[in-house]
Amino acid sequence: MNTLYCRLYQRTLQLASYFLPWRKPTLLEGANSLNKLPEVINRKGMSKVLIVTDQGVSSLGLMNSFLQGLDKAGVRYSVYDKTVPNPTLDNIEEALKVYQEHRCEGIVAFGGGSPMDCAKGVGARVANPHKSISQMKGVLKVRRKLPPLFAIPTTAGTGSEATLAAVISDPRNREKYPVNDTALIPHYAVLDPLLTVGLPKHITSTTGLDALTHAVEAYIGRSNTQETKELSRKAVRLIFDNLYIAYSQGENIKARENMLKASYYAGVAFTRAYVGYIHALAHALGGFYGVPHGLANAVILPYVLEYYGEAVHERLAELADVLEMGSLGDSHEKKATLFIEAIKELSKKMDIPRKIDGILAEDIPLLVEHAWKEATPLYPVPKFLSRNDLSNILHLISTAKKEEV
């Protein structure tokens, strides 16, 4: 696919986006803000909601006070808690059945990115009962109003509470793909730091670097607006100031609150400005091997930024300026290098591996094809990479020795 066609496609999509019905979720923020949601749901006239979550959230009792609040507000609920990491088509169909059988009127996504993606998939199926999820993959194929959707993130990373994307896995085809439509943006989002206080360190680190990847890919891409650039800068600053504190001092409410805000800002930024090859490769690895999305992004991020070379030096230098790195008169290249090294250092301090285990050399051509098809022509990347480039990156991040492919 030639460069001119891709850039024309992206420019057309960017111009068209000004006419789309963008919205931002109504936010409930701060410690104990979750307690306000049951009354909000009640005021919207809903008598029964589906709660989509996972076994981890369910077993930790994070929903207990919320469920009590729903009882008190007179709102009935059904819980679907079988969502797996990298939610599948089966998850969506199972949760949809619960929604339909119990005649629910709204959907609450409670958890990390996986329950949110699953909940969005259920909403898309409710809105389009005669369309499969695979028929809605890609851009603007939902096109119908979803039931009221309430997002309650328990991690600070995916930004899914602010985005138009749901990423779904099809294990039968070892495929993972996004469904993108403004209809999928949640109507309400609860940013309650108390829900993230008990996160294990490795979840805090990888989801935080997921948010950083969103902010950076949005910023270096070519479909930015003034707002997405400003939100990306804010997110980068907040993440570098707060992620390691949240990681090393898990009870620090202020750091947790700031990370939720950073994740939200990055989510708003990338839902409008898109992502790039880092995400495309991460989705391929998630679909093939079940690699957690945040971990995949965390590992891949510095490799792709280095691979882009001078195409991203100026933008990364601007992010280095946000973090007050370098000296007056430093070149863009030097500041960009400082920024990438800062990412590597942050990752190292949080025990993020430099490579991903389990990538098989014989799988790399297919991984490349999945990533390339996702990114081309949709993602407004700063520089187009070839299939061979993507193959080289996968070999760089793999613990296996390079073989002939």
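Rules used in this analysis
Residues numbered from 1 in each chain as written. Predicted model: local features only at pLDDT ≥ 70, side-chain atom pairs only at ≥ 80, totals over all residues. Heavy atoms only, no water. Pairing = 2+ DSSP bridges. Helix = DSSP H or I, 4+ residues; strand = E, 2+ residues; numbered from the N terminus. Axes fitted to C-alpha atoms, helices over the stretch in contact; angles between N-to-C directions. Core = buried A, V, L, I, M, F, W, Y, C linked by side-chain atoms within 4.5 Å. Buried < 20%, exposed > 50% of the residue type's maximum accessible area, 1.4 Å probe, protein only. Domains from an automatic or database assignment. Contact = heavy atoms within 4.5 Å. Buried area = accessible area lost by both parts, 1.4 Å probe. Salt bridge = Lys/Arg side-chain N within 4 Å of Asp/Glu carboxyl O. Polar contact = N/O pair within 3.5 Å; in protein donor to acceptor, adjacent residues only side chain to side chain. Nonpolar A, V, L, I, M, F, W, Y, C, P; charged D, E, K, R; others polar. Phe/Tyr/Trp six-rings, centres within 6.5 Å; stacked < 30°, edge-to-face > 60°. Lys NZ or Arg CZ within 6 Å of the ring centre and 35° of its normal. Parallel < 35°, antiparallel > 145°, perpendicular 65-115°, else oblique. Left-handed = near helix turned anticlockwise from the far one by under 90°.

Enquirer: Help me understand the sheet that holds strand β9 (residues 188-191), please; the structure alone is not making it clear to me.
Expert: Whether parallel or antiparallel, the strands of a sheet pair through hydrogen bonds between backbone atoms. Taken together, six strands build an open sheet; the order of strands is β1-β9-β6-β4-β2-β3 and the sheet is parallel. Taken across any chain shown, the strands that pair with only one partner, and hence form the sheet edges, are β1 (26-29) and β3 (76-80). Going across the sheet, the axis of each strand differs from the next one's by a mean of 20 degrees, ignoring polarity. Bridge count for strand β4 (residues 106-111) against strand β6 (residues 149-153) is five bridges, and the pairing is parallel. In the sheet register, valine 108 faces β6, and the bridge partner there is phenylalanine 150.

Enquirer: Would you take a moment to explain the nonpolar core for this structure?
Expert: Nonpolar side chains in soluble globular proteins generally cluster together in the buried interior. By size, the foremost hydrophobic cluster in this structure holds 82 residues, and its most contacted members are Val216, Leu316 and Phe339. Per-element accounting of this core gives the leading share, 11 residues, to helix α9 (residues 253-273). Lining this core are residues from two domains, each supplying at least three of them: domain 1 (19-195) and domain 2 (201-397). Val122, Met136, Val142 and Leu184 belong to the second largest nonpolar core, which has 30 residues in total.

Enquirer: What should I look at first to understand the domain arrangement of the chain in this one?
Expert: For an interface, size is often stated in terms of accessible area lost upon the parts coming together. Domain assignment breaks the chain into domain 1 (19-195) and domain 2 (201-397). Taking only C-alpha atoms, the centre of domain 1 and the centre of domain 2 are 25 Å apart. Taken residue by residue, the interface counts 29 residues in domain 1 and 33 residues in domain 2. Taken together, the two surfaces of domain 1 and domain 2 that pack against each other cover about 2600 Å², and 63% of this comes from carbon and sulfur. Considering only the surface of domain 1 that becomes buried against domain 2, Ala156, Arg174 and Lys176 emerge as the three largest contributors, covering 24% of it. At the boundary of domain 1 and domain 2, one finds three salt bridges. Between glutamate 227 and lysine 24 there is a salt bridge, with its nearest N and O atoms 2.9 Å apart. Viewed at the interface, domain 2 and domain 1 are joined by eight residue pairs in polar contact (both at pLDDT 80 or more). For the side of domain 1 that touches domain 2, the secondary-structure elements that each account for two or more residues are β1 and β8 (175-180). The element best represented in the side of domain 1 that touches domain 2 is β8, accounting for four residues. In the side of domain 1 that touches domain 2, the residues fall into 13 nonpolar, nine polar and seven charged.

Enquirer: Which parts of the structure should I look at to understand the packing of aromatic side chains?
Expert: What characterises a pair of aromatic rings is the spacing of the ring centres plus the angle enclosed by the ring planes. Considering all chains together, one arrives at eight aromatic pairs under this definition. Taking the centre distance of 6.3 Å and the plane angle of 45 degrees together, the rings of tyrosine 277 and tyrosine 308 count as tilted. One end of the pair, tyrosine 277, is in helix α10 (residues 277-289); the other, tyrosine 308, is in helix α11 (residues 293-308), and 31 residues separate them in sequence. Here tyrosine 277 matches tyrosine 308 in class, with each residue buried. The ring of tyrosine 18 has arginine 272 lying over it, and the distance from NZ or CZ to the ring centre is 5.2 Å. Lying over the aromatic face of tyrosine 219, arginine 315 brings its terminal NZ or CZ to 5.4 Å of the ring centre.

Enquirer: Can you help me understand the packing of helix α8 (residues 226-248) against α9 in this one?
Expert: The packing of two helices is summarised by the inter-axis angle and the distance between the axes. At their nearest, the axes of α8 and α9 sit 8 Å apart, and the two run at 150 degrees to each other. Of the possible angle classes, the one that applies to α8 and α9 is roughly antiparallel. Handedness of the crossing formed by α8 with α9: left-handed. Considered class by class, the residues forming the contact of α8 with α9 number 15 nonpolar, four polar and five charged.

Enquirer: Any chance you could explain the side chain of serine 347 here in plain terms?
Expert: Here serine 347 shows up in helix α13 (residues 332-349). In this structure serine 347 comes out as buried when scored by relative accessible area, which is 7%. Look past the residues within four positions of serine 347 in its chain and what remains in contact with it is Leu209, Ala298 and Ile352.

Enquirer: Explain the sheet that holds strand β5 (residues 138-139) here, please?
Expert: Strand order in the open sheet formed by three strands is β5-β8-β7, with mixed pairing between adjacent strands. The open sheet terminates on both sides in strands that have one partner only, identified here as β5 and β7 (165-170). Relative to β8, β5 runs parallel, the two being bridged by two bridges. Pairing of valine 139 across the sheet is with asparagine 180, part of β8.

Enquirer: I'm lost on the pairing of β9 in this one. Help?
Expert: A regular strand places its side chains so that they alternate between the two faces of the sheet. Along β9, one buried face is formed by Tyr188 and Val190 and the opposite face, lined by Ala189 and Leu191, is buried too. Two strands pair when backbone bridges link them, and β1 and β9 are joined in this way by four bridges, in the parallel orientation. Across the sheet, the residue bridging to leucine 27 is alanine 189, located in β9. Relative to β9, β6 is paired through two bridges, and the arrangement is parallel. When the sheet's bridge partners are listed, phenylalanine 150 is paired in β9 with tyrosine 188.

Enquirer: Whenever I open this one, the packing of helix α5 (residues 89-101) against helix α6 (residues 113-127) confuses me. Can you help?
Expert: Taken N-terminus to C-terminus, the directions of α5 and α6 make an angle of 60 degrees; their axes are 9 Å apart at the nearest point. On the basis of the axis angle, α5 is oblique to α6. Judged by the sense of rotation from one axis to the other, the crossing of α5 with α6 is right-handed. Contacts from Asn91, Ile92, Glu93, Ala95, Leu96 and Tyr99 of α5 reach α6 at Cys118, Gly121, Val122, Arg125 and Val126. Class assignment of the residues belonging to the contact of α5 with α6 gives a composition of seven nonpolar, two polar and two charged.

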